[in-house]
Amino acid sequence: MIKWNPELYGRSLLCLMDFTDTEMLELVDLAVALKARRRAGIRGDLLQRRHIALIFEKGSTRTRTAASIAVRDEGGTAEYLSQNDIHLGAKESVKDTARVLGRTFDGILFRGFSQQRVADLAQHAGVPVWNGLTDAFHPTQILADLMTIKENFGRLKGLKVAYVGDGRNNVANSLMIGCMKAGINFANCTPAELLPDAELVKGARATGARKGATIEVCTDPLQGVKGANVIYTDVWVSMGEESERENRIRLLRPYQVNRALVEATGTPEDQFIFLHCLPAFHDRETTMTAESGALEVTDDVFEAPYSKVFDEAENRMHTIKALYVSALADGSAL
Ligand code: CP
Ligand code: NVA
């Protein structure tokens, strides 16, 4: 029996703060159930005749494919609209585009630069809008991360996640919020130049306090990772910030996730996992300048048995499906 929360019907997700702690955790559990269902070979029709617009202003491998297959798997369709395909924000206002797409589609997943733009879409579309990454937040990623953590530890509350890298990017922001809502202690290890927004940390701390979860922001990664069950990193240069590349590499070299950093956790290997939202610069093949080798994570950590990055990538599909199903499906069909 799959549990479905009617409170989530018709709801958008712009930032994890849009959901109560319980709603967020129920979505993770729904994704676990949907994954088991798919593994059992069941292709459902929960989203039959549901149509999702996928608006992408930035590149994507995981989010685009996960968002497309999640709806098709359940009998619906997805239409990919790159910024070159539609008039959004150029020949046509965001408000008008939202109203047009809302007449044709049952939901919109948006990836782009501005958080305001995804909020404007949600305000005017009249259908649920999901944030598939903006400069500020990446909430659908964190649902998959929490799912992967739960799959590995059987629980969330009381664990410790240490994020190491660009401490003020979209993934770091959303991960901090997601951890607080799940009762996970969170350490953000980042240089002084890349500290997260103080107001955001304050709000997240208040959220975490309800569950006894804490936030530590520290510039010393060896200190910050102590006792961590999860080390999480992301690229040092996010999409749209390419001009910062040289400076970021200089600032973040001491924050590379390597074997010494993993050992500094002091955590037994069966109580530890490594996560990365991907794409990752972990070897020469993926590094833009061949001579620089690995950037944010070394190959030995990326390929270690405790690295769960491909489970995490797969879970993008199950969690986005959970979002669609909660917002669009008839609960009695579950
Ligand atoms: N993690 C993630 O969002 O990957 P993509 O950029 O490939 O969608
Ligand atoms: N912080 C990264 C995440 C990619 C999934 C970026 O915005 O490019």
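Look up a bit, the structure's there.
*Asks:* Any chance you could explain the environment of Leu 156 here in plain terms?
*Replies:* Within the secondary structure layout, Leu 156 lies in the loop between α5 (139–153) and β5 (160–164). Look at Leu 156 and you get buried, because its relative accessible area is 7%. For the pair Leu 156 and Cys 179, spaced 23 residues apart in sequence, the C-alpha to C-alpha distance is 8.4 Å. Look past the residues within four positions of Leu 156 in its chain and what remains in contact with it is Leu 25, Leu 146, Ile 149, Lys 150, Ala 182, Gly 183 and Ile 184.

*Asks:* It is not clear to me how the site of ligand 1 should be interpreted in this structure. Could you clarify?
*Replies:* The local shell around ligand 1 consists of Ser 60, Thr 61, Arg 62, Thr 63, Arg 111, His 138, Gln 141, Cys 277, Leu 278 and Arg 316. Between ligand 1 and His 138, the relevant distance is 2.9 Å, taken from an oxygen atom to a side-chain nitrogen or oxygen of the residue. Between a nitrogen atom of ligand 1 and a main-chain N or O atom of Leu 278, the distance comes to 2.9 Å. The protein chains hide 96% of the 250 Å² of surface that ligand 1 would expose on its own. In this structure, ligand 1 is accommodated by the largest pocket. For the shell around ligand 1, the class distribution of residues is two nonpolar, five polar and three charged.

*Asks:* Is there a simple way to explain the sheet that holds strand β7 (residues 215–218) in this structure?
*Replies:* Strand pairing in a sheet is mediated by backbone hydrogen bonds. Such pairs are either parallel or antiparallel. Strand order across the open sheet formed by five strands is β7-β6-β5-β8-β9, with parallel pairing between neighbours. On the outer flanks of this sheet lie β7 and β9 (273–276), each paired with one strand and no other. Across the sheet, the axes of successive neighbouring strands diverge by a mean angle of 20°, strand direction being ignored. For β5 and strand β6 (residues 185–189), the ladder comprises five bridges, and the chain directions are parallel. Residue pairing in the sheet places Lys 160 in a bridge with Asn 185 of β6.

*Asks:* Please clarify how the site of ligand 2 should be interpreted in this entry.
*Replies:* Taken together, the residues surrounding ligand 2 are Leu 133, Asn 169, Asn 170, Asp 234, Val 235, Ser 238, Met 239 and Leu 278. Measuring from a nitrogen atom of ligand 2, one finds a side-chain N or O atom of Asp 234 at 2.7 Å. A distance of 2.7 Å separates a nitrogen atom of ligand 2 from a polar atom in the side chain of Ser 238. Considering ligand 2 on its own, with 270 Å² of exposed area, one finds that the protein chains cover 95% of that surface. At a threshold of 2 Å from the grid points, most atoms of ligand 2 map onto the largest pocket. Of the residues in the shell around ligand 2, the class split is four nonpolar, three polar and one charged.

*Asks:* How do you make sense of the layout of surface pockets when you look at a structure like this?
*Replies:* Sizing a probe to match a water molecule and rolling it over the atoms shows the empty space that remains. In this model, the largest pocket occupies a volume close to 470 Å³. As for the largest pocket, its lining consists of 28 residues, of which Val 235, Val 237, Ser 238, Met 239 and Pro 279 are closest to the centre. A breakdown of the residues in the lining of the largest pocket according to their chemical character gives 13 nonpolar, eight polar and seven charged.

*Asks:* Even after reading the chapter, I still don't get the side chain of Thr 298, so can you show me in this structure?
*Replies:* Here Thr 298 lies in the loop between β9 and α11 (299–302). Polar contacts involving the side chain of Thr 298 include one to the side chain of Asp 300, which spans 2.5 Å. Discounting residues that sit within four places of it in the chain, Thr 298 has contacts with Gln 256, Val 257, Asn 258, Arg 259 and His 282.

Rules used in this analysis
Residues numbered from 1 in each chain as written. Chains lettered and ligands numbered in written order. Predicted model: local features only at pLDDT ≥ 70, side-chain atom pairs only at ≥ 80, totals over all residues. Heavy atoms only, no water. Helix = DSSP H or I, 4+ residues; strand = E, 2+ residues; numbered from the N terminus. Buried < 20%, exposed > 50% of the residue type's maximum accessible area, 1.4 Å probe, protein only. Contact = heavy atoms within 4.5 Å. Near = heavy atom within 4 Å. Polar contact = N/O pair within 3.5 Å; in protein donor to acceptor, adjacent residues only side chain to side chain. Areas by Shrake-Rupley, 256 points an atom, 1.4 Å probe, with all protein chains shown as cover. 1 Å grid on protein atoms, 1.4 Å probe; cavity = no way out; pocket = protein on both sides within 12 Å on 5 of 7 lines; lining within 4 Å. Sits in = over half its atoms within 2 Å of the grid points. Nonpolar A, V, L, I, M, F, W, Y, C, P; charged D, E, K, R; others polar. Pairing = 2+ DSSP bridges. Axes fitted to C-alpha atoms, helices over the stretch in contact; angles between N-to-C directions. Points joined across faces, edges and corners; volume = space filled by probe spheres on them.

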